[in-house]
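Coordinates in review
Chain by chain, the residues:
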Amino acid sequence: MSSSLVTKAPEATPVLTTRQRSQLELVLRRFLRHRLAVGSLVLFLLIVLFAFVGPLLWKYDYAYIDGPSFSPPSAQYPLGTDQAGHDLLGQSMRGTQQSLKISLLVALIATTFGALWGAVAGFYRGWADGVLMRLADVVLTLPSIAIAVTLSVNLQGGASWWGLALVLSFLAWAGISRVVRGVVLSLREQEFVEAAKAMGASDLRIIVRHLLPNALGTIIVAATVTIATTILAETALSFIGFGVQRPDTSLGLLINDAKLSVQDQPWLFYFPGLFIILIALTVNFIGDGLRDAFDPRQTLVRR
Amino acid sequence: MRTRSKGLTGLIAVAAASLLTLTACGGGSESNKETPTSNAGFADCEKSPNTCNSGNTKPGGEYIFGLEQSFTSWNITTEEGNTLVASQALSGIIPQVFKSDPSGELQLNSDLLTSAELTNQNPQTVVYKIKADAVWSDGTGISAEDFIFMWKMNSGKKEHCSECTPASTSGWDLIKSIVGSDNGKTVTVTFEDGKTYADWKGLYSTDGLYPAHLATKQGFDLNKPEGVNSASNWFSETVPTWSGGPLLIDTFNKDQSLVLKKNDKWYGKVKPSLDKVVFKFIIDQGSVIPALRNKEITGMSPQPNAALVNGAAETPGVIYRIGHGYQWEHLDLNLKNKYLADVALRQAIFTAINVKSVIDKTYGVFDKAAKPLGSHNFFPGDPNYKDVVTPTGQGSGDVEKAKKILTDAGYKIEGGKLLTKTGEAVPAMRFRHTKGNQLRATTAELVQAALKNIGLDIKIEVTETLGKTLSTADYDMIIFAWVGSPLYQGSAEQNWVTGNGGNYGSYSNPDVDKLTNEGARSLDPKKAADLINQANEIMAKEAYVLPLAQKPTLTFTYSDYVNIRDNATQWSPTYNIQEWGQKAA
Amino acid sequence: MIAYAVRRLLIGIPVLIAASIFVFAIASFSGNPIDDMEARNPPVPLETRQLEAHRLGLDKPLVERYVSWLGNLVLHGDFGQSTEKTINIGDQLGDRLWVTLRLVFVAMLLAVILAVISGVLSAVKQYSKIDYGFTFVGFLALSIPSFWLALLLKEAGVAYNQSTGSQVFYTLGDKDYNHDTFDTWGKITDIAGHMVLPTISLTLITYAAWSRYQRSAMLEVLNSDYVRLARSKGLRRRQVMVRHALRTALIPLATITAVDIGGIFGGAVITETVFNWSGMGTYLLESVTRRDVNSLLGWLLVSGLVVIVFNIIADLLYAVLDPRIRYE
């Protein structure tokens, strides 16, 4: 995540190369000082490996169904099995993978869309701002869970991971657009925007090349937080029966299927729960580290 | 401020500690692998289902029975009101003519009637004799007027009711006249000439009687279609203050609970001993066992699963029993699919599926007595039950046999792909099941794995609307359940005859049609069962529907209460609600 | 100020209408309530299905259905027919809103208190053990799936009751079935006993994010020039904190609290399900499973209205907290 950040930004704005690079180096250095965030990043990457490389190495895939019912954790089934005889380790790998795919896709779609929406609104102000933000308000007014439920009932693809990702993206973009708009509103008054305008840059170029890169800190933090909230939203949706459906699986589905097993087969309830908490926790800490790194005021406070 | 945060961590500590003990608890039960189908207090239910857990009661006490849904309509004849929970909750209020005891025998409600008999075959005539002392809770006698009113609400005829929405009109629509005599205490029901309704015992039994005189009192003219409609709506909307049974509604807390007390005017032999019977609505299955352990309910009869059975078994002072009900799960093929139209492929599919191993991973996990079902109409234990499936080899999981059926019919399996006679690959079949049903999802995965052995791919898709999926036959294979009943004749006709409402997969065989129609109309139960079994044998060979298993039922209660026992029929454990009570010391 | 509130409410109307069109469209496309009757056993007669379809207006074009729904609502305050004939949507919403608001309001109040305390302490003692402790607990609460937490709390409550043989916590419903027969004190303890666990679970998942906001807002204020000035002028630390810093730092919290109300309503869906409350959350789920478009729309309007009202309250609070802001 941090590496893509370093490589992408300088190319995007050649004019500002030195300034950007030094700033990004500063950000990186500040981030690395946040030990909890760095530790979380390492852990998060390990979870990603577990989810995407694990299935290649482990003997049972998620479709394996020939195990015994409700076997507690053992050498053969390190995380135990469920009633149907699925290997929970294989299922957890796949579940983590699907949940991560969902949340990364949501972070990508919602952030891109929300950032553009907010930037356009903030850049033009006036009636365009009014219309765009009222539309965002509609989405924000709708209690998200209701829409998610109605939409996923509707979509045939609601049962597939990408369908769910689309639904959740639809709910996440509006909040991000608000935040980005706020940042852009203050950025547009600064000299470098004036300069770009004076040099005859088009509106689109100003938004994409100048405003968005400078709001990058905010956007990245928003994207990070979106990952964490999406993981939890997916779980909540599964709980009320509107998530990914078997034979595919997700962490939300696993934990939902285990909600009656808290007492009798605790491994089914606690392991997937642990994965969810680990992902959400590490991502939140990474987000916190990034926020501190991008927002020097916080570090200045240190006494 | 500090103290608050401490309180919080304290709570978390409590949570953590309780988890440890619970885990230990769960671990303990693991060693005790053999789950019997019942424990101590219910142990004799296997042998004597009608009398187990019986005993003398002492007066007083409150019994809290959990129901899996809430309900809004008080008129159980309507499409909206006709739910299992409503009829359970109202079983102490609405008088019924017949009720099934736990063994599946329909018993005349001898508190209400002295007799209900078929007196003539053509035209079919049934005579009900109401007891003189059978009265509604306001003292008005139960009479022929009540029988006529029910008929008008259910017949589906515009001249009876302008806008009634009955859940089912079967039987009611065949009645020609209902005449009261002997001061309304004798009721003669005559059916249309030449029409027979074999399941006549279901009339006034699966629903019951509503007090017509109260509707009249409200100003509804029951001789006019609009009046009947208004009366029907009034009964739907109004919380009953009336009763024709042992109990009377005390309070109703919408969506939460229904509290019943004794009906002072109850005319039956056994007077209720409990002060109150409370029905609590528990929609979330995960809440049942915590509520039971917390004594927020004292008994329930929910759809069973492993966690509920274990939870009931592990709660101190609770007895439970797993019974076998009238719902049965089955796998259907859609014969409109051009590949499935070939009987050889259908036979091969059913042969490759091992029903026993499907059961082991689903119901068998908590119900050790679960076994494959061999009939499409009857259940083991019924004298009419005849296993017509096992002899065909279907459900055996015998892959070699399945392959042989296919190769004999000219199919080929090459590179793990099934090819037809013409060398065309058989495309993937869409297997549908209702969303959120874990056991069906498991079945789907197991079938998928089994059919891979004969080179057939299965694509599993959930459905949100089972009704629409079925009625539009939007599936290649589907798993769902039929709700059977001791009254079997009507459903056989409905489900297996060409073009009928329940025959979603378009099965058609003239011999089956003829035998089933004849069986469904016969008023001689023995002959009827014989004909239906003959038809079933033909149908089973043609591999249209593969019965999987009878759905288990579960009933549990704290053992300080007696006379509560499992009843797998639709009359459910509430069939003898007046007998429930605290165990006398 | 009142004029401002009214104006805001009026702006909310088109937003609500747009939202209702949106929900109406997707809900209508998501299926027909009559379909479910076709799989019943015994089968529901065709006449019954037709009568129901007619009652629900399903035999009319989509646009006409929406327009007549809106018309009846505006002219007669009628929410339309539910798929369950006996359900009066308006009455149901009234009952259930009260149940949910009670839960949400208490949980919000506790969450705000918890957020302010932990946020302020974290900020004042930045990078201390207290700060790290609160931060960790906050992040943990932020990362736990809400129903997971609710289930654990429920297990804990039952275990506590069992071990002490008392009935302190309840897991089912929002009040006892004998509630109406209790005296006042009994009623209060009954309601409280049923509320404890759901409230704790909703509070915990809500407070965490707010405490982070409170922390950074407080940090910002503490480093602002005027607080430094106040301190350098020799005002007492406590006085500066409470009079100046805290008051200013509460402003962002007030906004975020109100904006989050939609999210809390969402959280209540889970909490209500786990604890079997019949509030707005379970009403939503029931409506969706029944494919009950009018119930869904009623739910949307009421929840949307609550969100808007809370937003206005937040704006007004803004004015109270920040003397620079005045609404015309």
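Numbers given to residues run from 1 along each chain, matching the order in which its sequence is written. Just so you know, chain letters begin at A and ligand numbers begin at 1, following the order they were written in. The model is predicted, so local features are restricted to residues of pLDDT at least 70 and side-chain atom pairs to those at 80 or more, both for listing and for counting; the totals for chains, interfaces and linings are taken over all residues.

Some points on the interface of chain A and chain C
Listed by partner, the interface residues are 34 residues for chain A and 37 residues for chain C. Per the convention used, a helix needs a DSSP run of H or I reaching at least four residues, while a strand needs a run of E reaching at least two, with both numbered from the N terminus. Sorting the residues of the side of chain A that touches chain C by element identifies helix H6 (126-141), helix H7 (144-154), helix H11 (216-239) and helix H13 (266-294) of chain A as the ones contributing at least two each. It is H7(A) that provides the largest number of residues to the side of chain A that touches chain C, a total of eight residues. Class assignment for the residues of the side of chain A that touches chain C results in 22 nonpolar, eight polar and four charged. Note that contacts rest on C-beta atoms placed from the backbone: two residues are in contact if these are within 7 Å. Just so you know the grouping, Ala, Val, Leu, Ile, Met, Phe, Trp, Tyr, Cys and Pro go in nonpolar, Asp, Glu, Lys and Arg go in charged, and all remaining residues, Gly too, go in polar.

What about the environment of B:Val343?
Residue and element names in this part refer to chain B. You can see Val343 is positioned in helix H8 (residues 343-352). Buried, partly exposed and exposed are defined by the number of other C-beta atoms within 10 Å of a residue's own C-beta, namely 20 or more, between the two limits, and 12 or fewer respectively, with C-beta atoms placed from the backbone. For Val343, a count of 15 C-beta atoms within 10 Å puts it in the partly exposed group. Ignoring sequence-local partners within four residues, the contact set of Val343 consists of Glu542 and Ala543.

A look at the confidence of the model for chain A
All names here are of chain A. The predictor attaches a confidence to each residue, called pLDDT, with possible values from 0 through 100. Here chain A shows a mean pLDDT of 83. Residues at 70 or above account for 85%. Across chain A, the secondary-structure element scoring lowest on mean pLDDT is helix H1 (residues 2-12), at 36, and the one scoring highest is helix H3 (residues 35-52), at 94. Scored below 50 in pLDDT, residues 1-16 makes 18 contacts in the model with residues more than four places away or belonging to other chains. Note on residues 298-303: pLDDT is under 50 here. Beyond four places in sequence and across chains, it has eight contacts.

Considering the environment of A:Gln76
Residue and element names in this part refer to chain A. The topology assignment puts Gln76 in the loop between helix H4 (54-57) and helix H5 (88-124). In this structure Gln76 comes out as partly exposed when scored by C-beta crowding, with 13 C-beta atoms within 10 Å. Gln76 sits 169 residues away from Gln245 along the chain, and the two C-alpha atoms are 26 Å apart.

Observations concerning the interface of chain B and chain C
Taken together, the contact between chain B and chain C spans 52 residues of the former and 42 residues of the latter. Taken together, the elements giving at least two residues each to the side of chain B that touches chain C come down to helix H1 (2-31), helix H5 (225-237), strand S9 (247-253), strand S10 (257-262), strand S11 (276-281), helix H6 (288-293), helix H12 (466-471) and strand S18 (477-483) of chain B. If you tally residues by element for the side of chain B that touches chain C, the top one is H1(B), at six residues. Residue classes in the side of chain B that touches chain C are distributed as 17 nonpolar, 23 polar and twelve charged.

Notes on the sheet that holds strand S8 (residues 186-191) of chain B
Residues and elements named next belong to chain B. Strands are treated as partners if at least two bridges between them are detected by DSSP. Here we have four strands laid out as an open sheet, ordered S5-S6-S8-S7, and antiparallel in their pairing. One side of each edge strand has no neighbouring strand; the edge strands of this open sheet are strand S5 (113-121) and strand S7 (175-181). Pairwise comparison of adjacent strand axes, ignoring direction, gives a mean angle of 15° for this sheet. Between N-to-C directions, angles span 0 to 180 degrees; the directions come from axes that are lines fitted to C-alpha atoms, helices contributing only their stretch in contact. The strands touched by helix H3 (residues 144-154) within the sheet are strand S6 (124-130), S7 and S8, with S7 carrying the most contacts at an inclination of about 165°.

Quick word on the sheet that holds S18(B)
What holds strands together in a sheet is hydrogen bonding between their backbones, with the strands either parallel or antiparallel. Residues and elements named next belong to chain B. In spatial order, the strands read S9-S10-S11-S2-S12-S19-S13-S18-S16-S17; together these ten strands make up an open sheet with mixed pairing. Strands at the two margins of the open sheet, each flanked by one partner only, are S9 and strand S17 (458-463). In this sheet, S11 lies alongside S10 in antiparallel orientation, the contact comprising five bridges. The residue of S11 that forms the bridge with Ser257 is Lys280. Contacts between helix H11 (residues 438-452) and the sheet are confined to strand S16 (429-434), S17 and S18, with S16 contributing the most and set at about 160° to the helix.

Notes on the packing of H11(A) against H13(A)
All names here are of chain A. Contact pair H11 / H13: the axes reach a minimum separation of 9 Å and the direction vectors enclose 165°. The angle between H11 and H13 places the two elements in the roughly antiparallel class. By crossing handedness, the relation of H11 to H13 is classed as left-handed. Within the contact between the two elements, H11 uses Gly217, Ile220, Val221, Thr224, Val225, Ile227, Ala228, Ile231, Leu232 and Thr235 and H13 uses Ile276, Ile279, Ala280, Val283, Asn284, Ile286, Gly287, Leu290, Arg291 and Phe294. Our angle categories are set so that under 35 degrees counts as roughly parallel, over 145 as roughly antiparallel, 65 to 115 as roughly perpendicular, and the remainder as oblique. Each crossing gets its hand from how the near helix is turned against the far one by less than a right angle, where anticlockwise is left-handed and clockwise is right-handed.

Focus: the confidence of the model for chain B
Residue and element names in this part refer to chain B. For chain B, the average pLDDT comes to 89, and 94% of its residues sit at 70 or higher. Mean pLDDT across the elements of chain B ranges from a minimum in H1, with 35, to a maximum in S8, with 97. For residues 1-35, every residue scores under 50 in pLDDT, and the model assigns this stretch 29 contacts once sequence neighbours within four places are set aside. The ipTM for the predicted assembly is 0.84, set against a pTM of 0.86.

Points about the nonpolar core
Counting residues in hydrophobic clusters, the biggest one holds 334 residues, and the most contacted among them are A:Ala119, A:Leu168, B:Val277 and C:Met218. Among the elements that make up this core, the one with the highest residue count is H13(A) (16 residues). Ignoring anything within four residues of it in the chain, the contact list for C:Met218 reads C:Gly119, C:Val120, C:Ala123, C:Ala245 and C:Ala249. The term nonpolar core refers to a set of buried Ala, Val, Leu, Ile, Met, Phe, Trp, Tyr and Cys residues connected through C-beta atoms within 7 Å.

Observations regarding the pairing of S17(B)
All names here are of chain B. Side-chain alternation along S17 places Ile458, Ile460 and Val462 on a buried face and Lys459, Glu461 and Thr463 on a face that remains uncovered. As paired strands, S16 and S17 are joined by six bridges and run parallel to one another. Within S17, the residue paired with Thr434 across the bridge is Thr463. At this point the chain moves from S16, through H11, to the parallel S17, and the crossover so formed is right-handed. Call a crossover right-handed when, viewed with both strands pointing away from you, the route from the first strand across the helix to the second goes clockwise.

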